[in-house]
Amino acid sequence: MKKNILAALLAICAAAAHASGLDALENFLKNVKSGRAAFTQVVTSPSREGQAPKTRTSTGTFEFARPKHFRFDYKKPFEQVIVADGQTLWLYDADLNQVTARTQDAVLGSTPAALIASASSLGTLQRDFDFEAAPDKDGLQWAVATPKNKDGQLNNMRVGFRGNELAQLEIVDGFGQRSVITFDKMELNVPIAPQRFVFKPPQGAAVVKQ
């Protein structure tokens, strides 16, 4: 009897823990309208026969204002800027002196950016993703999002929260490459100047429209 009671209690506790990740995601989507943070991104390529996995680390800043505006400024090791202005997604590579412009709605549907910066509710995202809760890990509450479109570049992603604060994204693409973005000094519902989401190609940069 005691074993049965203990098992039932453990099951209840596990269910509550699993629900917290989805609850935190839904609260984030509903209640957070803007934000900014520093980030560190570690990309790990799949190991090949006889070779260890390769990793690349980048750092920068992230800003967003729902429903359709966000900006990633990569500072190190290479300067890159990604800006969504509501209509166009801009990618600027300073080393190549090249700008790529894409129609925003056509490329953001099943992406991490749509999840953290564009959608305003879990229901909206469920058109493109299947969601499930995951056990707490590393002091964070986790939710797992899997794209319904199996032909896309994204395999799945895990979203980690510390309370209602976005703390980490873990993204696995269709080639097995894993990207972990850790956010630091997150500020929520702060005013962000609209000019931060305006991008003008630098003079002399090549512009490629896709």
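For the structure, see preceding data.
Here the residue numbering is sequential within each chain, running from 1 through the sequence in written order. Where totals are concerned, whole chains, interfaces and linings use all residues; where local detail is concerned, this predicted model gives features only for residues with pLDDT of at least 70, and gives and counts side-chain atom pairs only at 80 or more. Only hydrogens and water are set aside when side-chain values are computed; all heavy atoms of the structure are taken into account.

### Details of the pattern of salt bridges
Two side chains carrying opposite charge are able to pair once their charged atoms lie near each other. The working definition used for a salt bridge is a side-chain nitrogen of Lys or Arg within 4 Å of a carboxyl oxygen of Asp or Glu. Enumeration over the complete set of coordinates arrives at nine salt bridges. Of the charged contacts, one joins Arg158 and Glu170 as a salt bridge, the two residues approaching to 3.2 Å between their closest N and O atoms. In this pair, Arg158 is assigned in strand S9 (residues 154-162) and Glu170 in strand S10 (residues 165-173), connecting sequence segments twelve residues apart. Residues Arg158 and Glu170 agree in their burial class; the two are buried. Taking the shortest distance from any N to any O, the salt bridge between Glu170 and Arg178 comes out at 3.4 Å. Counted as one network, the salt bridges with shared partners bring together Glu63, Arg71, Asp73 and Arg196. Under the scheme used here, helices are H or I runs from DSSP no shorter than 4 residues and strands are E runs no shorter than 2 residues, and both carry numbers assigned from the N terminus. Classification of residues uses two cut-offs on accessible area relative to the type maximum, computed with a 1.4 Å probe and protein chains only: under 20% is buried, over 50% is exposed, and between them is partly exposed.

### What about the nonpolar core?
Nonpolar side chains in soluble globular proteins generally cluster together in the buried interior. In this structure, Phe62, Phe70, Leu115 and Phe183 are the most contacted members of the largest nonpolar core, which totals 36 residues. In this description, contact between two residues means that some pair of their heavy atoms is separated by no more than 4.5 Å. Once you skip the residues sitting within four places of it in the chain, Phe183 turns out to touch Ala37, Ala38, Phe39, Phe62, Ile116, Leu166, Ala167, Gln168 and Leu169. We define the nonpolar core as a collection of buried residues of types Ala, Val, Leu, Ile, Met, Phe, Trp, Tyr and Cys that are connected through side-chain atoms lying within 4.5 Å of one another. Counting residues in each nonpolar core, the second largest holds eight residues, with Val81, Val83, Trp90 and Phe199 among its members.

### Concerning the layout of surface pockets
Cavities and pockets are found on a 1 Å grid laid over the protein atoms alone: a cavity is a set of points where a 1.4 Å probe fits but cannot escape, a pocket is an open set with protein on both sides within 12 Å along at least five of seven lines, and a lining residue has an atom within 4 Å of such a point. Grid points are joined across faces, edges and corners, and a volume is the space filled by probe spheres set on the points. There is about 1,600 Å³ of room inside the largest pocket. Around the largest pocket, the lining is made up of 42 residues, and of these Gln41, Tyr74, Ile82, Pro112 and Gln153 lie nearest the centre. When residues are grouped by polarity, Ala, Val, Leu, Ile, Met, Phe, Trp, Tyr, Cys and Pro land in nonpolar, Asp, Glu, Lys and Arg in charged, and all others, Gly among them, in polar. A breakdown of the residues in the lining of the largest pocket according to their chemical character gives 22 nonpolar, 13 polar and seven charged.

### Regarding the environment of Ala119
Relative to the elements of secondary structure, Ala119 occurs in the loop between helix H3 (112-118) and helix H4 (122-125). Overall, Ala119 belongs to the buried group, its relative accessible area being 6%. Considered as a pair, Ala119 and Leu29 are 90 residues apart in the sequence and their alpha carbons are 6.8 Å apart.

### Thoughts on the packing of aromatic side chains
Two aromatic rings, drawn from Phe, Tyr or Trp (for Trp, its six-membered ring), form a pair once their centres lie within 6.5 Å of each other, and the interplanar angle then sorts them: stacked below 30 degrees, edge-to-face above 60, tilted otherwise. Across all of its chains, the model carries twelve aromatic pairs by this definition. Centre to centre, the rings of Phe62 and Phe183 are 5.6 Å apart; their planes meet at 45°, and the pair counts as tilted. On the criterion of sequence distance, the pair formed by Phe62 in strand S2 (residues 55-65) and Phe183 in strand S11 (residues 178-188) is long-range, its members being 121 residues apart. Take Phe62: its relative accessible area is 1%, and that puts it in the buried class. Of the residues examined, Phe183 reaches a relative accessible area of 6% and is grouped as buried. Taken together, Phe28, Phe39, Phe62, Phe64, Phe70, Phe72, Tyr74, Phe161 and Phe183 form an aromatic cluster joined through their ring pairs. The ring centre of Trp142 lies 4.4 Å from the NZ or CZ of Arg158, which sits over that ring. By definition, being over a ring means that NZ of Lys or CZ of Arg is both within 6 Å of the ring centre and within 35 degrees of the ring normal.

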